[in-house]
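Okay, here's what each chain looks like letter by letter:
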Protein chains: 2
Amino acid sequence: MTIPSYSPRDGRVLGEVRESNQVELALAVRRAAVAAPSVADTTPAERQRWLAAVADALDAHQEALAQLADDESALGMPRLLGEVSRTAEQLRFYGRVAADGGYLGVTVDEATATAPRLVRINRPLGPVAVFGASNFPFAFGVLGNDTGSAIAAGCPVVAKAHPAHPRTCLRLAEIATEALAAAGAPDGVFSMVVGLQAGVDLVKADDIRAVGFTGSQSGGLALWRIANERQEVIPVFAEMGTVNPVVLTSRGARHLDEMAKGFVGSFTLGAGQFCTKPGLLFAPAGHRAAEAVAAALHQAAPESTMLTQAIAENVTAGVRDLVKAGARVIGKAGGPGRGWSADAVVLTAPIGALTSGSRLLEECFGPIAIVVEYADESELYAALTQLQGSLAGSVFGDGEDDPEAAAVIARLAGQVGRVTLGDWPTGVAWAWAQQHGGPWPATSSPSSTSVGAGALERFVRPVTFQSVPDDVLPVSVRDAVVPENPWRIPRRVDGVLAGP
Amino acid sequence: MTIPSYSPRDGRVLGEVRESNQVELALAVRRAAVAAPSVADTTPAERQRWLAAVADALDAHQEALAQLADDESALGMPRLLGEVSRTAEQLRFYGRVAADGGYLGVTVDEATATAPRLVRINRPLGPVAVFGASNFPFAFGVLGNDTGSAIAAGCPVVAKAHPAHPRTCLRLAEIATEALAAAGAPDGVFSMVVGLQAGVDLVKADDIRAVGFTGSQSGGLALWRIANERQEVIPVFAEMGTVNPVVLTSRGARHLDEMAKGFVGSFTLGAGQFCTKPGLLFAPAGHRAAEAVAAALHQAAPESTMLTQAIAENVTAGVRDLVKAGARVIGKAGGPGRGWSADAVVLTAPIGALTSGSRLLEECFGPIAIVVEYADESELYAALTQLQGSLAGSVFGDGEDDPEAAAVIARLAGQVGRVTLGDWPTGVAWAWAQQHGGPWPATSSPSSTSVGAGALERFVRPVTFQSVPDDVLPVSVRDAVVPENPWRIPRRVDGVLAGP
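Because the structure is a prediction, the values reported are computed rather than measured.

Trainee: Before we move on, could you go through the domain arrangement of chain A and cite the residues and values that matter?
Mentor: Interface size, as often reported, equals the accessible area lost upon joining of the parts. All names here are of chain A. Taken domain by domain, chain A comprises domain 1 (2-241 + 447-458) and domain 2 (245-421). For domain 1 and domain 2, the distance between their C-alpha centroids amounts to 32 Å. With 19 residues of domain 1 at the interface, the matching set in domain 2 holds 16 residues. Across the domain 1/domain 2 interface, buried area totals approximately 1,300 Å², and carbon plus sulfur atoms make up 65% of it. The largest per-residue losses of area from domain 1 upon contact with domain 2 belong to Pro8, Asn135 and Gly241, which jointly make up 33% of the total buried on that side. If you look at where domain 1 meets domain 2, you find zero salt bridges.

Now the structure itself:
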């Protein structure tokens, strides 16, 4: 059995990739399970070296990788060249986070007259299954944030190739396998399987200890349900798309034209195929905000070629559903008209239609957005409470002295993973302070992040050693605990935190 | 409708407690939801003061509380007096952890030429439902670790009274309510409901954001399933009982008699009603370890009065099931013979009977343990891999130079939340470095702990503020972030961790 590789620009089949059979799936999981103890016992600095080797290999193949991905995704060379670089930088970043050692949470309570000595440290969970996204072939792909943070945390990875760009995935896996072997990483620290059934079997495999997923709600929740039916239930960290509300304050309406331009730029970026796409704009009544956005869309006239035929069809169906749910199309920009193209569409809806359960409150993946007018703050706040959890929420006010902006920021903080002020939500920096997650159903695990330093914490579990002298501790624990602090990592001893 | 309060010593009904009706349940949840934003905006030091006030009130009522709990639990005054003190200390500890502020995970990446400013901080989830345990009316009860850590983290709590000691729960709720009000805490920061249906409705209530549970696997998994069927799924932190294996090494066998005495003391402590009870001892063949344990049990002759009639019946049924699964009773000490008494029983089984799915590998709550002999390390290790995840695992060797002990510690670290060397697993210190959790099915959330400083992390969720100047941040975030660091908390700025 094979899966086809398509060109979204004309729907042509460019090639095909063989699906993994059951034996290959079992072998990939087995290799990861065999590698797990030795990976867990490496130093963080050693894993940093592996990740840097993969990053260097990505940089070395930047042009060819971007070309391959452009053929399969139509995301365009400038974006994809940048994304390869970004992915390499991310891998180096996760290596630095590992070497920093803060993620280990090393905590020591020395023995007292009444209490035993306790040593607590985060240990890798073991083999992690990674399901990358369609919309970021590199940054959230088989060598993206999930794989980088899992390996940094000491977990082998078995990735599943994405059917939207299978040949790109295959090439990435080849490059990573070669780079990891050359860097001296154990066999099995990374492997990849292909095919829907292999993906399902991967989540069911006894030796898999956690799942990282980026993609649609239906896909993420399906894997979550499979994992919940295992004999040993495992955590699924599914980061799923959301509506990502934007609020324009009353005073912010002074900047409506500029804001409308920015909104169009953000919701049509990458053909609207961002999990952080701003899908719902709340604007103060009386400024004809929807018309302003429609005009900006008309002027920008983006051409949207979608990643897959299914996504293109869902955009059209989604607009139809939004209209059925009470929205009205107020502006449109035609797709390129060939291949898997879609129109970029802006709709408007009465704020009263935003009631729990309405289709208007669910993500519509693609270059689609809704503009809603609010009469006053109480109407706005009532509508915000109807929203599901989101990855991001954004506020556009009038400079730094806009009291309404502060009030909306405080409210959004209870509903989203990231609140931006005057910034569009698309664009997720890999950084120490990043949070790419959010309340259900933005993610299946609201306290987790799939980007940033916190991403490693998904793949570890604390273990406490009681009354175990240092020289009897497992080697990787001992090196993190001994007084010499050879890894130069932060530790908390008797309740007092000390840097390296 | 009422639920009865029983005396386990003779099965007599001592009184009754009225169940909460739907209106009362809804009101408790509503009060918690209304309190949530103001509790979230208090300083950690303020919440420390509330918890200290409750702790002082517990100390002031120590004698009467212990007496009430002894009537309902038969756990004995010395143990219960100590447990009231311990519970007060725990509350003070969680207050200190809050005030330390490390749990907030404050992280700031200042803006660069290419990246926006990011401020990340853990924010309270909102109202938490707490289901305490039968076996620790105080320390793991309605004012126990879950409630203490949730309030410390800034979350209001709605606790459910435990049917094994409903009058004790009611009194605890009165004391807490009064102390919190006197300390100036907002109405709704703590309340309690009574009854099975109220408990189910509590987990289903829209405004509840997380669940803390300590108890049986059947109870914990039932709540986990209910939470997974909500429209907005919420995290359930269920800490459930486990087998907690103990390994005696070959060289450790020199100390068999002393070890057997300690084993009996640990597995019959509190009538074996500990989630950390050591239930399965692996001993080297050729030392008649099972006989030694049986002799120690005979000599200790513990009297076991169980907490409830159901638990007492399950002990008897459990022994029958273990025998059916291939174990043999080798020693027994009679219960007191009246009320809900049970025999303490030690069994032995061939190591080959420990296969995945066997009843021998599941917890048998109560004063029951199994001794299994292993021929060599490979037989021992093969058996260990069959075990489910456990809260704790213990190793008894011969001093600090026993290489077999180190090897077993390294293996157990992959299967349990806490590994002890030469210490019995019963007894869980509340401390910075504690880990009271473990892989599924020890808990529903293997990376969480229900005791120790890490317990707060269950009830928070990170939020990142992008390009938001300090004076526009919500007040509780601002105070954690401003350069003056008024709360004196640890923070990571531009990747560098700094203490207060």
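Back to the text.
Trainee: I'd love a proper account of the interface of chain A and chain B, names of residues and values included.
Mentor: Listed per partner, the contact involves 60 residues of chain A and 60 residues of chain B. Of the roughly 5,100 Å² buried at the junction of chain A and chain B (both faces included), carbon and sulfur atoms supply 57%. Applying the counting rule to chain A against chain B returns two salt bridges. If you look at where chain A meets chain B, you find 34 residue pairs in polar contact (both at pLDDT 80 or more). Listing elements by their share of the side of chain A that touches chain B, those giving two or more residues are strand S3 (107-109), strand S4 (118-124), helix H8 (217-228), helix H13 (403-412), strand S18 (416-421) and strand S19 (460-466) of chain A.

Trainee: Now, about the relation of the copies chain A and chain B: what can you tell me, with residues and values included?
Mentor: When chain A is fitted to chain B, the residual RMSD is 0.0 Å, and the transformation amounts to a turn of 180° plus an axial shift of 0.0 Å. Interpreted geometrically, this transformation is the action of a two-fold axis. Taken together, the interface assignments show that 100% of the residues at the interface of chain A recur at the interface of chain B, consistent with an identical surface on both copies.

Trainee: Which residues make up unusual backbone geometry, and what are the values?
Mentor: Omega for the peptide link from Trp440(A) to Pro441(A) comes to 5°, which places this bond in the cis form. Phi angles above zero are rare outside glycine, and Ala301(A) is one such case at about 45°. For Ala301(A), a relative accessible area of 45% gives the class partly exposed. You will see that Arg288(B), though not glycine, has its phi angle at about 50°, which is positive. In this structure, Arg288(B) sits in the loop between strand S11 (280-284) and helix H10 (289-300). Exposure remark for Arg288(B): the relative accessible area of 55% places this residue in the exposed category.

Trainee: Lay out helix H4 (residues 77-100) of chain A with the relevant residues and their values.
Mentor: Relative to the 34 Å expected for 24 residues at 1.5 Å per residue, H4(A) spans 34 Å between its end C-alpha atoms, a close match to the ideal helical length. Directly beyond the C-terminal end of H4(A), a positive phi value near 80° is found at Gly101(A).

Trainee: How would you explain the sheet that holds strand S5 (residues 128-131) of chain A if you had to name every residue and give the values?
Mentor: Residues and elements named next belong to chain A. In spatial order, the strands read S7-S6-S5-S8-S9; together these five strands make up an open sheet with parallel pairing. In this open sheet, the two edge strands, each paired with only one partner strand, are strand S7 (190-193) and strand S9 (236-240). Ignoring which end each strand starts from, the neighbouring axes of this sheet average 15° apart. Where S5 meets strand S6 (residues 157-160), four bridges bridge the pair, whose relative direction is parallel. Note that in S6 the partner of Phe131 across the bridge is Lys160.

Here is what the cut-offs are and how they apply
Residues numbered from 1 in each chain as written. Chains lettered and ligands numbered in written order. Predicted model: local features only at pLDDT ≥ 70, side-chain atom pairs only at ≥ 80, totals over all residues. Heavy atoms only, no water. Domains from an automatic or database assignment. Contact = heavy atoms within 4.5 Å. Buried area = accessible area lost by both parts, 1.4 Å probe. Salt bridge = Lys/Arg side-chain N within 4 Å of Asp/Glu carboxyl O. Polar contact = N/O pair within 3.5 Å; in protein donor to acceptor, adjacent residues only side chain to side chain. Helix = DSSP H or I, 4+ residues; strand = E, 2+ residues; numbered from the N terminus. Least-squares fit on C-alpha atoms with pLDDT ≥ 70 in both. Buried < 20%, exposed > 50% of the residue type's maximum accessible area, 1.4 Å probe, protein only. Expected span 1.5 Å × (residues − 1). Pairing = 2+ DSSP bridges. Axes fitted to C-alpha atoms, helices over the stretch in contact; angles between N-to-C directions.

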